[in-house]
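# Breakdown of the fold
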Amino acid sequence: MQYLKLLRPSHWAKNLFLYIPLFFAGEIFDLNKVVELFIGFMAFSLIASSIYIINDYNDVEADRKHPVKCKRPIASGAISKPMALVFFVVCLVVGGFLAWYVKPKFLFVTGIYFVINLLYSFGLKNISILDILILSTGFVLRVKAGGVAANVAVSEWLMIMVFLLALFMAVAKRRDDVLIKTSTGQEMRKAAAGYNLDFMNVMLALVSAVIIVAYLMYTMAPETMARFKTYRLYYTCLFVIGGLLRYLQITYVENNTGSPTKILYKDRFIQLTILLWVLSFYVLIYLPTNKSFFE
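From a predicted model like this one, the values you see are computed outputs, not experimental measurements.

For the rest of this paragraph, the subject is helix H10 (residues 197–220). Its 24 residues place the ends of H10 35 Å apart at the C-alpha level, agreeing with the 34 Å of an ideal helix rising 1.5 Å per residue. Buried residues of H10: Met-200, Met-203, Leu-204, Val-207, Ser-208, Ile-211, Ala-214, Tyr-215, Tyr-218 and Thr-219, and no others. Between a side-chain oxygen at the N-terminus of H10 and the backbone nitrogen of Asp-198 the separation is 3.3 Å; the capping residue is Asn-196.

Positive phi, normally seen in glycine, also occurs at Ile-129, with a value near 75 degrees. Considering the arrangement of structural elements, one finds Ile-129 in the loop between helix H7 (104–121) and helix H8 (130–150). The phi dihedral of Asn-151 is positive, around 60 degrees, even though this residue is not glycine. Checked against the element boundaries, Asn-151 lands in the loop between H8 and helix H9 (156–184).

For Asp-267, the position within the fold is in the loop between helix H13 (260–266) and helix H14 (268–286). Among the polar contacts listed, one links the side chain of Asp-267 to the side chain of Arg-246, at a separation of 2.5 Å. Polar side-chain contacts of Asp-267 include one of 3.3 Å to the backbone nitrogen of Phe-269. Leave out the neighbours within four places in its chain, and Asp-267 touches Arg-246 and Ile-250.

Below, the discussion takes up the UniProt feature "transmembrane region" (unreviewed entry) in the protein chain. When the UniProt feature table is mapped to this numbering, "transmembrane region" (unreviewed entry) covers residues 12–31, 37–57, 78–100, 106–122, 154–172, 193–218, 230–248 and 269–287. What you have in residues 230–248 is 63% helix and 0% strand, and the ends, taken at the C-alpha atoms, are 31 Å apart.

This structure, assessed with the given rule, holds 20 aromatic pairs. Taking the centre distance of 6.2 Å and the plane angle of 80 degrees together, the rings of Phe-29 and Tyr-282 count as edge-to-face. Here the residue Phe-29 occupies a position in the loop between helix H2 (20–24) and helix H3 (31–58), and Tyr-282 occupies one in helix H14, the gap between them amounting to 253 residues. Lying across the ring of Tyr-57, Lys-81 places its NZ or CZ 4.6 Å from the centre. Of note, Arg-142 hangs over the ring of Phe-139, and the distance from its end group to the ring centre comes to 4.7 Å.

Let's shift gears to the nonpolar core. In terms of nonpolar packing, the biggest core is built from 42 residues, with Phe-24 and Phe-168 touching the most fellow members. For this core, the elements supplying multiple residues, two or more each, are H2, H8, H9, H10, helix H12 (237–252) and H14. Of the residues forming this core, the biggest block, twelve residues, is contributed by H9. Composition of this core by domain shows at least three residues from each of domain 1 (1–154) and domain 2 (155–294). If we skip the residues at most four places from it in the chain, Phe-24 touches Leu-158, Tyr-218, Arg-227, Phe-228, Trp-277, Phe-281 and Ile-285. Judged by nonpolar contacts, the second largest core, of 37 residues, contains Tyr-19, Val-60, Ala-75 and Ala-145.

What the domain assignment lists for the protein chain is domain 1 (1–154) and domain 2 (155–294). Listed as interface residues are 39 residues of domain 1 and, on the opposing side, 34 residues of domain 2. Approximately 3,000 Å² of surface area, both sides summed, lies buried where domain 1 meets domain 2, with 69% of it carried by carbon and sulfur atoms. It is Phe-23, Phe-24 and Ile-132 in domain 1 that bury the most area against domain 2; as a group they hold 23% of the surface buried on that side. Put simply, domain 1 and domain 2 have one salt bridge between them. Residue Arg-174 pairs with Asp-131 through a salt bridge whose shortest N-O separation is 2.7 Å. Counting residues per element, the ones that place at least two in the side of domain 1 that touches domain 2 are H2 and H8.

What counts, and at which threshold
Residues numbered from 1 in each chain as written. Predicted model: local features only at pLDDT ≥ 70, side-chain atom pairs only at ≥ 80, totals over all residues. Heavy atoms only, no water. Helix = DSSP H or I, 4+ residues; strand = E, 2+ residues; numbered from the N terminus. Expected span 1.5 Å × (residues − 1). Buried < 20%, exposed > 50% of the residue type's maximum accessible area, 1.4 Å probe, protein only. Polar contact = N/O pair within 3.5 Å; in protein donor to acceptor, adjacent residues only side chain to side chain. Contact = heavy atoms within 4.5 Å. UniProt positions renumbered as here; feature names shortened; annotations may be inferred. Phe/Tyr/Trp six-rings, centres within 6.5 Å; stacked < 30°, edge-to-face > 60°. Lys NZ or Arg CZ within 6 Å of the ring centre and 35° of its normal. Core = buried A, V, L, I, M, F, W, Y, C linked by side-chain atoms within 4.5 Å. Domains from an automatic or database assignment. Buried area = accessible area lost by both parts, 1.4 Å probe. Salt bridge = Lys/Arg side-chain N within 4 Å of Asp/Glu carboxyl O.

Here you go:
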């Protein structure tokens, strides 16, 4: 169980972003592509897990001071550092082989993700602003990898929206680190020295506003309406705005944004907004126009 915990399988939900290009291409029921993407999902998950392992390996001392991270397998002493390195190599080799099996270009994209995040673990995470930009870029690479695996073109709008959403969650997470530093006096990460509560609040407000405006522009763009053959995409803004407002409520009122993944698993309001957003796009993309729910 400790080795499974070291992989952080709960974070594999992030890799579902690989399926986004296939969904928006209207080919989510293409069984061959779904199976191909599942292999790609496992490959990306193992490579991401190898990064988590090496990150925990490097941060073991800092994690022991953290109220939550101190329970991680390496920080708690449940897994020794040499065994963690062995597990790192196994995940990397198996993940790399699966990525190559999917497609050499898929291996190339996941390789970029691995290198960037390895550099992040070995020092770039200590540079304020750059750390959240790298985290956000990781989600863009997931979407790009999904497009490559499914042989589906990824629009610029989709890349922009994914980046902005990931940036929003990364800022909220860093804000939580600032709160921990304020309440305990412990600096959880070096990059936190470049942040304070006022700065993080302004960044959150700025990014959330840009997301809403960008999403509205996306849904009403002529090329978007032509691609999906409907002008009704702006209906889905309701769920995007609702989800953002709930996340801001968790951030500002509850001060509990340490892990976006945990919020995704536990918060029913956000789960409902995501479900309704996906369902509305499903109706608009996959149902014939004359049978549309919105007619």
